[in-house]
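So you can see what is in the structure, the chains are spelled out below.
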There are 2 protein chains.
Amino acid sequence: MKDNFCVILAGGAGSRFWPYSSTSEPKQFLDFLGTGRSLLQMTYDRVCKVVDKENVYISTNKKYKDLVLEQLPALAESQILFEPAVRNTAPCIAYAMYKIKAINENARIWVTPSDNLVVKEAEYIDTINRGFQFVSENDCLLTVGIKPNRAETAYGYIQIGETEVDQNLFKAKTFTEKPNADLAQIFLDSGEFYWNTSMFLWTAQAISEAFEQYMPELAHKFSDGKDFYNTSEEQAFIDKIYQSCTNNSIDYQILEKAQNVYVITADFGWTDLGTWNSLYTLSDACKDGDNNMLVSGKTLMYESKNNIVALPEGKLAVIQGMENFVITENKNVLLICRREEENRIRQFVNDTKVQVGKEYL
Amino acid sequence: MKDNFCVILAGGAGSRFWPYSSTSEPKQFLDFLGTGRSLLQMTYDRVCKVVDKENVYISTNKKYKDLVLEQLPALAESQILFEPAVRNTAPCIAYAMYKIKAINENARIWVTPSDNLVVKEAEYIDTINRGFQFVSENDCLLTVGIKPNRAETAYGYIQIGETEVDQNLFKAKTFTEKPNADLAQIFLDSGEFYWNTSMFLWTAQAISEAFEQYMPELAHKFSDGKDFYNTSEEQAFIDKIYQSCTNNSIDYQILEKAQNVYVITADFGWTDLGTWNSLYTLSDACKDGDNNMLVSGKTLMYESKNNIVALPEGKLAVIQGMENFVITENKNVLLICRREEENRIRQFVNDTKVQVGKEYL
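Keep in mind the model is a prediction, meaning the values are calculated, not measured.

Parameters at a glance
- Residues numbered from 1 in each chain as written.
- Chains lettered and ligands numbered in written order.
- Predicted model: local features only at pLDDT ≥ 70, side-chain atom pairs only at ≥ 80, totals over all residues.
- Heavy atoms only, no water.
- Helix = DSSP H or I, 4+ residues; strand = E, 2+ residues; numbered from the N terminus.
- Rg over C-alpha atoms; globule rule 2.2 N^0.38 Å.
- Buried < 20%, exposed > 50% of the residue type's maximum accessible area, 1.4 Å probe, protein only.
- Contact = heavy atoms within 4.5 Å.
- Areas by Shrake-Rupley, 256 points an atom, 1.4 Å probe, with all protein chains shown as cover.
- Lys, Arg positive; Asp, Glu negative; His and termini not counted.
- Charge placed at Lys NZ, Arg CZ, Asp CG, Glu CD.
- Pairing = 2+ DSSP bridges.
- Axes fitted to C-alpha atoms, helices over the stretch in contact; angles between N-to-C directions.
- Parallel < 35°, antiparallel > 145°, perpendicular 65-115°, else oblique.
- Left-handed = near helix turned anticlockwise from the far one by under 90°.
- Nonpolar A, V, L, I, M, F, W, Y, C, P; charged D, E, K, R; others polar.
- Least-squares fit on C-alpha atoms with pLDDT ≥ 70 in both.
- Buried area = accessible area lost by both parts, 1.4 Å probe.
- Salt bridge = Lys/Arg side-chain N within 4 Å of Asp/Glu carboxyl O.
- Polar contact = N/O pair within 3.5 Å; in protein donor to acceptor, adjacent residues only side chain to side chain.
- Right-handed = clockwise from strand over helix to strand, strands pointing away.
- pLDDT = per-residue confidence, 0-100.

## Description of the overall build of chain A
Across its full length, chain A carries eleven helices and 17 strands. Taken against the 2.2 N^0.38 rule, which gives 21 Å for 361 residues, the C-alpha radius of gyration of chain A at 21 Å falls within 12% of a compact globule. Expressed as a percentage of the 361 residues in chain A, the buried residues total 58%. In chain A, the share of contacts with a sequence separation of at least 24, taken over all contacts with a separation of at least 6, comes to 66%. Carbon and sulfur atoms provide 45% of the accessible area of chain A, an area that totals close to 14700 Å². Taking the 36 positively charged and 49 negatively charged side chains of chain A as two groups, their mean positions are separated by 3 Å.

Structure representation (structure tokens):
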């Protein structure tokens, strides 16, 4: 247990939920489900059932320091890794790995997003524990795949190899990002494709070898800091090198290339809360008789159905004659958008930045 | 000129523009047209071209005292009549009349709403001056009728008698509130019906006689105060009697009953800004290429047309896939409503009061 570590990635900007989620308060810090705990807090609570509290690390953008400390007061500041720039997953995972390796050469590291939802906690805990066991016994990089229950086009998929190397454990064969509807249906029907949770397990040893092989430049940048990690000079070192890192994802640069990638398949009621529609599909409890979903705020609805409404605390929306819309507001921005067009929200964010002003982001 | 007085009625709650206009800041205090002057200020500016500044009075609800003083700093506090309760037009017109009569027995009084728009100012000034002249020479109650240019169902109509007693001056024959579309078309085609502007001119003598004849109880209440008007005891007297006044309109209780009611007909580009659609019809200047009207705030529009958007200063609305909606926000309320359903806004206000709470009004 003491060799098990977890890194929760909480640096995302959450622009697909803009303006409800914003760069100043991204979705992982919001209580989307009205449970009283933010997505990050729920993730942390779950993680602590598998990993010792002092071995849980949060990787986030520097600007969210106060939010993390406020939401997770049990954390020591040394358990938070501050990314001084937005550089996708490869640099922050490398940073966390070298820092943890400097503490414990035998570390096993579990990397997890901060904004997923898990419904079946016992199955989840069991899956992660088996994953830790497997990576401690095998020189491999392990991903977690979820058995799909629909032809979802918003997720990434992992194809598994034919041979079950251990119970629910397979070699990974291919990775596919967000397939179109036809392809997603083929994936679903084949039984060979699993949703990519972006949760990974590996030993510090295995992932450091992978970095050295597939991203040697990045590996050298971070291994150069071995004398600084977990000292007062760590942040200054990171600040110095981070800007120069290329924007790269761990999936693309390592997992799709390495030969020792495995998948542990599971079904623990997992959802990536990546879009309003995924939240809508999930949350029957928050819907009224006309299938309007109220995430936050108050509403009076007339001749309106199938809408998603997310408002600041205490705000009232009186809505008449609307069907299948996302209606969301935060601070100085109101967004009204047809639900089937929600993938354009990122474009709206960009247009706002260019045409209106950064103060609206 | 010194005998000419004007009373601007500015006590309305503006619920048809809720929440953009609210009980705390009704429409007459808002700059609906982006001119830099509120509807009340524009009315005051126009009125001062016909009546001496010191003879202009504002009748408003007590709670709007600060708003009136702030928007019309040239006014002495004695020129503002504070209604301690909402009681429609008859009580506040009676109050103003007795107060002005106590200053000048020969007063001619012009009563006007505070929230109309006038485009042709020269014709307007000429009409009012001719009206003052007519009422000073004839014992009558004079209304101002506008030649209709469309079969508007949101206005009241006055039918004129056949004989033109003076240029553009007729006896009033009937009054009709908000006809249905068929009737409005018949009115328009007949050429006998004029829009009721709710502007009235009369001598203090003529209107006091009408009050005594048709509303004797109200007349006695206010005439009892003749020793208090324009003294430090005026407000206390009004506060004492006002609550007991019945909610009555001058139109229904006097103008539809009296035998000496006349109409001066005019065409000075008049609009009652009574509804979002009347504002929309009027304001070509504020529309974008897709006929979206932006009253205030900022917008980014996608696949959206024929909408009316009114937001707080500095607020951005990103709107996709909306047609023919009113989208308006103020403080703690957002309203989205199909334009053709805007006559239900008063119902929404009432539902909000009952089902959500008064703090949202």
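Anyway, onward from the coordinates.
## Some words on the sheet that holds strand E12 (residues 293-296) of chain A
Strand order in the open sheet made by the six strands is E12(A)-E14(A)-E16(A)-E17(A)-E15(B)-E13(B), with mixed pairing throughout. In this open sheet, the two strands that pair with only one neighbour each are E12 of chain A together with strand E13 (298-302) of chain B. Pairwise comparison of adjacent strand axes, ignoring direction, gives a mean angle of 10 degrees for this sheet. In the sheet, strand E16 (residues 325-330) of chain A pairs with strand E17 (residues 333-338) of chain A via six bridges, with the strands oriented antiparallel. If you follow Glu329 of chain A over to E17 of chain A, its bridge partner there is Leu334 of chain A. Its contacts with the sheet put helix H11 (residues 345-356) of chain A on E17 of chain A together with E13 and strand E15 (316-320) of chain B, and the angle it makes with E13 of chain B is roughly 135 degrees.

## Quick word on the sheet that holds strand E17 (residues 333-338) of chain B
Spatially, E13(A)-E15(A)-E17(B)-E16(B)-E14(B)-E12(B) is the arrangement adopted by the six strands of the open sheet, whose pairing is mixed. What marks the edges here is a single partner per strand, and that holds for strand E13 (298-302) of chain A together with strand E12 (293-296) of chain B. Across the sheet, the mean angle from the axis of one strand to that of its neighbour is 10 degrees, orientation sign disregarded. When E13 of chain A meets strand E15 (residues 316-320) of chain A, the two strands line up parallel, connected through five bridges. Bridging from a neighbouring strand, Leu300 of chain A pairs with Val318 of chain A of E15 of chain A. Helix-sheet contacts for helix H11 (residues 345-356) of chain B involve E13 and E15 of chain A together with E17 of chain B, and the interaxial angle to E13 of chain A is about 135 degrees.

## Let's talk about the packing of helix H3 (residues 89-103) of chain B against helix H7 (residues 216-223) of chain B
Residue and element names in this part refer to chain B. Viewed as axis vectors pointing N to C, H3 and H7 meet at an angle of 40 degrees, and their least axial separation amounts to 10 Å. With respect to H7, the axis of H3 lies oblique. H3 and H7 meet at a crossing whose hand is right-handed. Together, Ala90, Pro91, Ala94, Tyr95 and Tyr98 of H3 and Leu218, Ala219, Phe222 and Ser223 of H7 make up the contact between the two elements. Of the residues contributing to the contact of H3 with H7, the split by class is eight nonpolar, one polar and no charged.

## Observations regarding the relation of the copies chain B and chain A
At an RMSD of 0.0 Å, chain B and chain A line up after a rotation of 180 degrees and a shift of 0.0 Å along the axis. Taken together, the rotation and translation relating the two chain copies correspond to the operation of a two-fold axis.

## Some points on the interface of chain B and chain A
Counting residues at the interface gives 35 residues for chain B, matched by 35 residues for chain A. Both faces combined, the contact of chain B with chain A buries some 2800 Å², and carbon together with sulfur accounts for 58% of it. Our count for the contact surface shared by chain B and chain A stands at four salt bridges. On inspection of chain B and its partner chain A, the count reaches 24 residue pairs in polar contact (both at pLDDT 80 or more). Those elements giving two or more residues to the side of chain B that touches chain A turn out to be E13, E15, strand E16 (325-330), E17 and H11 of chain B. Here the side of chain B that touches chain A is composed, by residue class, of 19 nonpolar, seven polar and nine charged. Note that E17 of chain A and E15 of chain B share four bridges and pair parallel. Paired with Ile336 of chain A across the two strands is Ile319 of chain B, which belongs to E15 of chain B.

## Focus on unusual backbone geometry
Residue and element names in this part refer to chain A. Residue Pro19 is reached from Trp18 by a cis peptide bond, and omega for that bond is 0 degrees. Within the secondary structure, Pro19 sits in the loop between strand E1 (4-9) and helix H1 (39-47). Positive phi is not limited to glycine here, since Asn230 has a value of about 65 degrees. Among the secondary structure elements, Asn230 is positioned in the loop between helix H7 (216-223) and helix H8 (234-242). Residue Asn230 is classed as partly exposed on the basis of its relative accessible area of 37%.

## Observations regarding the pairing of E1 of chain A
Looking along a regular strand, one sees the side chains alternate between the two faces of the sheet. All names here are of chain A. Burial within E1 is extensive, with six of its six residues counted as buried. Judged from the six bridges that link them, E1 and strand E4 (residues 108-113) form a sheet pairing that is parallel. Each bridged residue has a counterpart across the sheet, and for Cys6 the counterpart in E4 is Trp110. For E1 and strand E2 (residues 56-61), the ladder comprises four bridges, and the chain directions are parallel. When the bridges of E2 are listed, Ile8 appears paired with Ile58. Read from E1 through H1 to E2, the crossover connection turns out right-handed.

## Topic: the confidence of the model for chain A
Counting all residues, the mean pLDDT for chain A is 94, and 100% of those residues have values of 70 or more. Among the prediction metrics, the complex's ipTM stands at 0.80, with pTM recorded as 0.81.

## Things to note about the pattern of salt bridges
In the structure shown here, the tally under the stated rule is 29 salt bridges over all chains. Salt-bridge contacts for Lys2 of chain B lead to Asp3 of chain B; the nearest nitrogen and oxygen are separated by 3.1 Å. Among the salt bridges present, the one from Asp166 of chain B reaches Arg130 of chain B, with a minimum N-O distance of 4.0 Å. Taken as a pair, Asp166 of chain B in strand E7 (residues 157-166) and Arg130 of chain B in helix H4 (residues 121-137) lie far apart in primary sequence, 36 residues in all. By sharing partners, the salt bridges in this structure join Lys315 and Glu329 of chain A together with Lys315 and Glu329 of chain B into a single network.

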